[in-house]
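# Tertiary structure, described
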Amino acid sequence: MNRSGTTRNRRNKLLLPLLAGALAWSAAGCNDAPAAAPPERTKLKVAYFNQEAFDNLYGDYFMVKFPQFEVEVIATAETMGPGKNPQKEMDKLLDEQKPDLIITGFWEYQRLAATGKLYELDSFIKQDKFDIENMLPTAIDYLRAKGSGKLYRACPPIFQYRAVLQ
């Protein structure tokens, strides 16, 4: 990222619709209880490296756009370190904390989807007729490929593109 924030702003513009959509689906609830009057603010648990990193990259932008959400960050930084198995530690953290959204890298997204740790979103997309066509198509296609054809409630924090110029 350069000092002007250009890369950060571009990345946030690409990820914000995915993050907002995933959080909105999370906030909609997944239970069969009758809908009650919505609370003034909806609390969402987000698994990410730590609070400061989340706020710097996404939280500040998200809270301006969606002030009705209160975001609690579940720090995943503690899953790494000497003598730790990051995959087992991440699974343990997710089982204990049960976050609404996981912001992770593609390597974890694919593993977590394959092991049933992520909630599938395609039924919500269809049910709510949620338009994902205007989201970055290559990112959606990539996430579907990594999720065996399905989208899951998790967001890789960045997408990197490469191009060959002639």
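Please refer to the structure higher up on the page.
Presented here is a report on the structure given in the accompanying data block. The model shown is predicted, which means the values in this text are computed figures rather than measured ones. (Residues numbered from 1 in each chain as written. Predicted model: local features only at pLDDT ≥ 70, side-chain atom pairs only at ≥ 80, totals over all residues. Heavy atoms only, no water.)

With that settled, the discussion passes to the side chain of T76. Counting through the fold element by element, T76 comes out in the loop between β2 (69–75) and α3 (86–97). For T76, a relative accessible area of 7% corresponds to the buried category. Not counting residues within four places of it along the chain, the set of residues in contact with T76 comprises A47, Y48, F49, M90 and L93. (Helix = DSSP H or I, 4+ residues; strand = E, 2+ residues; numbered from the N terminus. Buried < 20%, exposed > 50% of the residue type's maximum accessible area, 1.4 Å probe, protein only. Contact = heavy atoms within 4.5 Å.)

The next subject is the nonpolar core. By size, the foremost hydrophobic cluster in this structure holds 20 residues, and its most contacted members are L94, I102, Y109, L118, I132 and L151. Among the secondary structure elements, those contributing two or more residues to this core are α3, α4 (106–114), α5 (122–127) and α6 (137–146). L44, F62, V73 and I103 belong to the second largest nonpolar core, which has 14 residues in total. (Core = buried A, V, L, I, M, F, W, Y, C linked by side-chain atoms within 4.5 Å.)

The next point concerns the packing of α3 against α4. Running from N to C, α3 and α4 point in directions that differ by 60°, and their axes come no closer than 12 Å. Between α3 and α4 the crossing geometry is right-handed. On α4, the residues touching Q87, M90, D91 and L94 of α3 are E108, R111 and L112. Across the contact of α3 with α4, the residue classes break down as 3 nonpolar, 1 polar and 3 charged. (Axes fitted to C-alpha atoms, helices over the stretch in contact; angles between N-to-C directions. Left-handed = near helix turned anticlockwise from the far one by under 90°. Nonpolar A, V, L, I, M, F, W, Y, C, P; charged D, E, K, R; others polar.)

In total, this model carries 5 salt bridges according to the counting rule given. Put simply, K43 and E72 hold a salt bridge, and the shortest N to O gap is 3.2 Å. With K43 in strand β1 (residues 42–48) and E72 in strand β2, this pair connects stretches of sequence that are 29 residues apart. Taking the relative accessible area as the measure of exposure, E72 reaches 28% and is therefore partly exposed. Close ionic contact of R111 with D91 constitutes a salt bridge, the shortest N to O distance being 3.0 Å. Highlighted residues: R111 in helix α4 and D91 in helix α3, separated in sequence by 20 residues. What makes R111 buried here is its relative accessible area of 15%. A network of salt bridges, in which partner residues are shared, links D91, E108 and R111. (Salt bridge = Lys/Arg side-chain N within 4 Å of Asp/Glu carboxyl O.)

As a further point, take the packing of aromatic side chains. Tallying each qualifying case throughout the model produces 8 aromatic pairs. Both rings, one in Y48 and one in Y58, keep their centres 5.7 Å apart while their planes meet at 75°; by these two values the pair is edge-to-face. In this pair, Y48 is assigned in strand β1 and Y58 in helix α2 (residues 51–65), connecting sequence segments 10 residues apart. Taken individually, Y48 and Y58 each receive the classification buried, so the pair is uniform in this respect. Ring geometry for F62 against F69: centres 5.7 Å apart, planes inclined by 40°, an arrangement best described as tilted. By the burial criterion, F62 is buried, and F69 matches it. Put simply, the rings of Y48, F54 and Y58 pair up and form one aromatic cluster. (Phe/Tyr/Trp six-rings, centres within 6.5 Å; stacked < 30°, edge-to-face > 60°.)

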